[in-house]
2 protein chains.
Amino acid sequence: MGGRTEQSGALVVVGSVAIDTIETQGGRAAEVLGGAAAYFAVAASFFTPVRMVGVVGDDFPQRDLEWFRSRGIDLAGVEVRPGRTMRWTGRYHEDMNVRDTLSFEANVFDGYLPTLPAAYCDAPFVFLGNISPALQGRVLDQIRSPRLVGADTMNFYIEGARAELEALLCRVPLLIINDEEARLLSGERNMIRAARKILALGPTSLMIKRGEYGVLFFSGDTVFSAPAYPLEEVFDPTGAGDTFAGGVMGWLAATGDVSPAAIRKAIVYGSVVASFTVEAFSLERLRTLTRDDIERRYREFVSLTSFDVASPV
Amino acid sequence: MGGRTEQSGALVVVGSVAIDTIETQGGRAAEVLGGAAAYFAVAASFFTPVRMVGVVGDDFPQRDLEWFRSRGIDLAGVEVRPGRTMRWTGRYHEDMNVRDTLSFEANVFDGYLPTLPAAYCDAPFVFLGNISPALQGRVLDQIRSPRLVGADTMNFYIEGARAELEALLCRVPLLIINDEEARLLSGERNMIRAARKILALGPTSLMIKRGEYGVLFFSGDTVFSAPAYPLEEVFDPTGAGDTFAGGVMGWLAATGDVSPAAIRKAIVYGSVVASFTVEAFSLERLRTLTRDDIERRYREFVSLTSFDVASPV
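Along every chain, residues carry numbers that run from 1 in the direction the sequence is written. Chains and ligands are labelled by the order in which they are written, letters from A for the one and numbers from 1 for the other. Totals for whole chains, interfaces and linings use all residues, but because this is a predicted model, local features are given only for residues with pLDDT of at least 70 and pairs of side-chain atoms are given and counted only at 80 or more. Hydrogens and waters are ignored; side-chain quantities use all the structure's heavy atoms.

J.: Teacher, can you tell me more about the overall build of chain A here?
T.: Helix and strand assignments come from DSSP, with helices taken as H or I runs of at least 4 residues and strands as E runs of at least 2, each series counted from the N terminus. Helix and strand counts for chain A stand at 11 helices and 13 strands. A radius of gyration in this sense is built from C-alpha atoms; the matching globule rule multiplies 2.2 Å by the number of residues raised to 0.38. For 313 residues, the compact-globule estimate of 2.2 N^0.38 gives 20 Å, and chain A sits close to it at 18 Å. The dimensions of chain A, computed from C-alpha atoms along their principal axes, are 65 × 45 × 40 Å. Three exposure classes are used, based on accessible area relative to the maximum for each residue type with a 1.4 Å probe and protein chains only: buried under 20%, partly exposed in between, and exposed over 50%. Counting every position in chain A, which comprises 313 residues, the buried fraction comes to 60%. Nonlocal contacts in chain A, meaning residues at least 24 apart in sequence, comprise 64% of its contacts between residues at least 6 apart. What sets the accessible areas is the Shrake-Rupley method with a 1.4 Å probe; for residues, cover comes only from the shown protein chains. When the accessible area of chain A is evaluated, it comes to approximately 12,000 Å², of which 50% is carbon and sulfur surface. The centroid of the 31 positive side-chain charges in chain A is displaced by 4 Å from the centroid of its 39 negative side-chain charges. We call two residues contacting when some pair of their heavy atoms lies within 4.5 Å. Residues scored as charged are limited to Lys and Arg (positive) and Asp and Glu (negative), so that His and the chain ends carry no count. To locate a charge, take NZ of a lysine, CZ of an arginine, CG of an aspartate or CD of a glutamate.

Here it is in structure tokens:
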């Protein structure tokens, strides 16, 4: 599907592309664009070219594929298979940190084996979305010598494919998961102890997403804490974590800088994009978002967190 | 009890002084020093002279009174009444954000009417700990023209003395409460909406304490978010919020600067002192804490939160 000339800052992402039905206290959106790789790719595309790896059914809207392409997302790695696209239906509680999955159909994702176009294999930046560790490993096998590999996972694999996940984690320098996953993976309630245990499994860096409480980043002995942008209303939290990861990896790929200082900025850019994502259902807010909007909110993050400036004590 | 010469940076605090029995998953401490005013005063005493207002029974340990005095805490406003000191027994769950009160005895606090020594009445900084709004108002009536009045409250008064509390809030520029209290006071789950409603009740500034998630500060249209210090182990969370408030007010009183920039630094100093408090039972950690320890951890907060420094994009 399509093609794109190779770019040195390019970022490969593999993960789910889905059609979601979402219910919140505020409303319902039926059959809308979803899936971790979709959220990730669109978020990253604000910063860098993206090469997507995944599978959709023949019912997947052509207009969404076109939108992806228009955003610089290479779809050469996206298979279109006969059948229905993956579908997920979820309902959020009044406390939006809690949601129930009402239904899930893997559909064309069932039995899918990601195969990368040759042009993807020299990508310097790779993100392995939350598919099975075996498939994540398979994708990684096809990348020649990446500069930075990030990955996500989920409770289903932490509990059900522990050995495969641990094998993968040895090959993943940057793990981006949420606090519940960090607790399950480490067996520790305290995030500092959890982080230490997870870093002992292989990753050199760990980002723990805490929803409305922001992100903790661990690398070596250093910790960085970024708040979430204070929003009066979270309309739909779906994809917040995936767009966070997309913003982080996209910004790192764009700058080519993976120093500790750069990673901190990347975390804030990721937080910025995530804060926009939750302002509307699905990826709707990202359709109109501009790079100027992002820069403006980045500066608000500076103001939100600064305390040791000017006016000496 | 004792006396102390007037100081312009002095800070008056009124609140409970108690004898606590605390159970955590890690252990039990019986009949130890506690009470919001005790935690507050000791925390503030790292920065500024403190004038305490409260009541203890004749069973209150003389050594604790002497410790207070040795820290520059004026006890002229502390009555010693015949009978037992207030007592509280609490048990923390494995999730230390949750605790049960196993027993509470007001004892000598029952019927107590705070009366300030004449020397307290010109204090520029005042903190009204979480006693009844009527008693908080009574203390405030006795202060001539304070530069800054801070207050705390609790669910018991939000639900049981709403009218008195609202009357008090008109007179309190700085309210320092936790997230649960903010939700109850505002009827809003979202902290931004909660803050807006609470600021409409009178305070010009609001600090919302979120335990391990840090503090949100609202003033006008600005928001400041400070993380909690990442601790591997929280030994006893009792008094964390009170020492936070003590650090904030103590630092503001010490510098005499109540500008928005100063308040942000004060919040971090409060967070620093609170992070030490929870490292041991009761006020034990504060007995050995030094100002150097505080400055060191303050600098760690800078490193914990900085992202928009040097290395331009």
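J.: Quick question: what am I supposed to make of empty space enclosed by the protein here?
T.: Gaps left between atoms are located by rolling a probe of water-molecule size over the structure's atoms. The way it works is a 1 Å grid over only the protein atoms, where trapped points that fit a 1.4 Å probe form a cavity and open points with protein on both sides within 12 Å along at least five of seven lines form a pocket, and then any residue with an atom within 4 Å of a point lines it. Grid points are joined across faces, edges and corners, and a volume is the space filled by probe spheres set on the points. Under the counting rule described, the total for this entry stands at 2 cavities of 30 Å³ or more. Of the pockets and cavities examined, the largest cavity occupies roughly 80 Å³. Contributing to the lining of the largest cavity are A:Arg210, A:Tyr213, A:Ser225, A:Ala226, A:Pro227, B:Arg210, B:Tyr213, B:Ser225, B:Ala226, B:Pro227 and B:Thr305. At the level of secondary structure, the elements contributing two or more residues to the lining of the largest cavity comprise strand E13 (222–226) of chain A together with strand E13 (222–226) of chain B.

J.: Help me out: how do you make sense of the sheet that holds strand E9 (residues 148–151) of chain A in this one?
T.: Paired through their backbone hydrogen bonds, the strands of a sheet run either parallel or antiparallel. Residue and element names in this part refer to chain A. Paired strands are those between which DSSP finds at least two bridges. Pairing is mixed across the open sheet formed by 9 strands, whose spatial order is E5-E4-E1-E8-E9-E10-E11-E12-E13. A strand with exactly one partner marks an edge of an open sheet, and here the two such strands are strand E5 (73–81) and E13. Mean inter-strand twist for the sheet, computed between neighbouring axes without regard to direction, equals 15 degrees. To get an axis, a line is fitted to the C-alpha atoms, and for a helix only the part in contact is used. The angle between two axes follows their N-to-C directions and goes from 0 to 180 degrees. On the sheet, helix H8 (residues 240–255) packs against strand E1 (11–14), strand E8 (125–128), E9, strand E10 (174–178), strand E11 (205–209) and strand E12 (215–219) and is oriented at approximately 170 degrees with respect to E8.

J.: Would you mind going over the relation of the copies chain A and chain B with me for this structure?
T.: There are two copies of the chain, and a rotation about an axis plus a shift along that axis relates them. We place the copies in one frame by least squares, fitting the C-alpha atoms of every residue whose pLDDT is at least 70 in both. Structural alignment of chain A on chain B gives an RMSD of 0.0 Å, achieved by rotating through 180 degrees and translating 0.0 Å along the axis. In symmetry terms, the pair is related by a two-fold rotation axis. Among all C-alpha atoms of chain A, that of A:Tyr213 lies closest to the rotation axis, at 3.1 Å. Comparing interface residues between copies, 97% of those in chain A also lie at the interface in chain B; the contact surface is shared.

J.: What is the right way to read the interface of chain A and chain B from this model?
T.: One widely used convention gives an interface's size as the accessible area the parts lose upon coming together. Every contact between the two is made by 38 residues of chain A and, on the other side, 37 residues of chain B. For the pairing of chain A and chain B, the buried interface totals around 3,600 Å² over both sides, and the portion due to carbon and sulfur atoms is 53%. When the buried surface of chain A facing chain B is broken down by residue, A:Tyr213, A:Glu232 and A:Phe307 rank first, second and third, together holding 22% of it. Whenever Lys or Arg places a side-chain nitrogen within 4 Å of a carboxyl oxygen from Asp or Glu, that contact is recorded as a salt bridge. Linking chain A to chain B there are 2 salt bridges. Accessible area that two parts lose when put together, with a 1.4 Å probe and added across both, is what the buried area reports.

J.: How do you make sense of unusual backbone geometry when you look at a structure like this?
T.: As a rule of thumb, non-glycine residues mostly have phi less than zero, and peptide bonds are mostly trans rather than cis. Unusually for a residue other than glycine, A:Asn107 sits at a positive phi of about 50 degrees. As for its placement among the helices and strands, A:Asn107 is situated in the loop between strand E7 (99–105) and E8. Looking at A:Asn107, the relative accessible area reads 27%, which means it is partly exposed. Despite not being glycine, B:Ser282 has its phi angle at roughly 55 degrees, a positive value. Position of B:Ser282 relative to the elements: it lies in the loop between helix H9 (260–277) and helix H10 (284–288). Overall, B:Ser282 belongs to the buried group, its relative accessible area being 1%.

J.: So what exactly am I meant to see when it comes to the packing of aromatic side chains here?
T.: Two measures describe an aromatic ring pair: the distance that separates the ring centres and the angle between the ring planes. All names here are of chain A. Only centres within 6.5 Å qualify two rings of Phe, Tyr or Trp (six-membered ring in Trp) as a pair; their planes then separate them into stacked at under 30 degrees, edge-to-face at over 60, and tilted for everything else. Applying the stated criterion across every chain, the model contains 25 aromatic pairs over all chains. Summarising the aromatic geometry, the rings of Trp 251 and Tyr 269 are spaced 5.3 Å apart at their centres and angled 15 degrees between planes, so their arrangement reads as stacked. Here Trp 251, found in helix H8, pairs with Tyr 269, found in helix H9 (residues 260–277); they are 18 residues apart in sequence, far enough to count as distant. For Trp 251, a relative accessible area of 3% gives the class buried.

J.: Please explain the pattern of salt bridges as it appears in this structure.
T.: Pairing between side chains of opposite charge can happen when their charged atoms approach one another. Residue and element names in this part refer to chain A. The final tally for this structure, using the stated rule, is 38 salt bridges over all chains. Measuring nitrogen to oxygen at the nearest pair gives 3.5 Å for the salt bridge that ties Arg 28 to Glu 23. Judged by its relative accessible area of 17%, Glu 23 is buried. Between Arg 297 and Glu 279 there is a salt bridge, and its shortest N-O distance comes to 2.8 Å. Of this pair, Arg 297 sits in helix H11 (residues 291–305) while Glu 279 is found in the loop between H9 and helix H10 (284–288), placing the two residues 18 residues apart along the sequence. Taking relative accessible area as the criterion, Glu 279 reaches 27% and is therefore assigned partly exposed. What emerges from the salt-bridge pattern is a single network uniting Glu 279, Arg 285, Asp 293, Arg 296 and Arg 297.

J.: Would you take a moment to explain the sheet that holds strand E5 (residues 73–81) of chain B for this structure?
T.: Residue and element names in this part refer to chain B. Spatially, the 9 strands line up as an open sheet ordered E5-E4-E1-E8-E9-E10-E11-E12-E13, and their pairing is mixed. Edge positions in the sheet fall to E5 and E13, since each of these pairs with one other strand and no more. Taken over all neighbouring pairs, the strand axes of this sheet differ in orientation by 15 degrees on average, direction set aside. Pairing of strand E11 (residues 205–209) with strand E12 (residues 215–219), which is carried by 5 bridges, proceeds in the antiparallel orientation. Opposite Lys 209, over in E12, you have Val 215 as the bridge partner.

J.: Explain the side chain of B:Ser282 here, please?
T.: Polar contacts involving the side chain of B:Ser282 include one to the main-chain carbonyl oxygen of B:Leu33, which spans 2.6 Å. Ignoring any residue separated from it by four or fewer positions in sequence, one finds B:Ser282 in contact with B:Ile22, B:Val32, B:Leu33, B:Tyr39, B:Asp236 and B:Thr277. Distance and chemistry together define a polar contact, namely a pair of N or O atoms within 3.5 Å, with one atom able to donate a hydrogen and the other to accept it when in protein, and with adjacent residues in sequence counting only for side-chain atoms on both sides.

J.: I tried to follow the layout of surface pockets on my own but got confused; where do I start?
T.: Looking at the second largest pocket, its volume works out to about 390 Å³. Around the second largest pocket, the lining comprises 17 residues; the ones closest to its centre are A:Pro230, B:Ile192, B:Asp221, B:Thr222 and B:Val223. Of all the secondary-structure elements, those providing two or more residues to the lining of the second largest pocket are H11 of chain A together with helix H7 (191–199), E12 and E13 of chain B. Top element by residues in the lining of the second largest pocket is H7(B). It accounts for 4 residues. Here the nonpolar group is Ala, Val, Leu, Ile, Met, Phe, Trp, Tyr, Cys and Pro; Asp, Glu, Lys and Arg are the charged ones; every other residue, Gly included, is treated as polar. Residue classes in the lining of the second largest pocket are distributed as 9 nonpolar, 4 polar and 4 charged.

J.: Hey, could you run me through the pairing of strand E10 (residues 174–178) of chain B in this one?
T.: All names here are of chain B. Judged by how many residues are buried, E10 sits mostly within the fold: 4 of 5 residues are covered. Alignment of strand E9 (residues 148–151) against E10, held across 2 bridges, turns out to be parallel. Its bridge partner lying in E10, Ala 151 is registered against Leu 175. Two elements, E10 and E11, share 5 bridges in a ladder whose sense is parallel. Bridge assignment links Ile 176 to a residue of E11, and that residue is Met 207.

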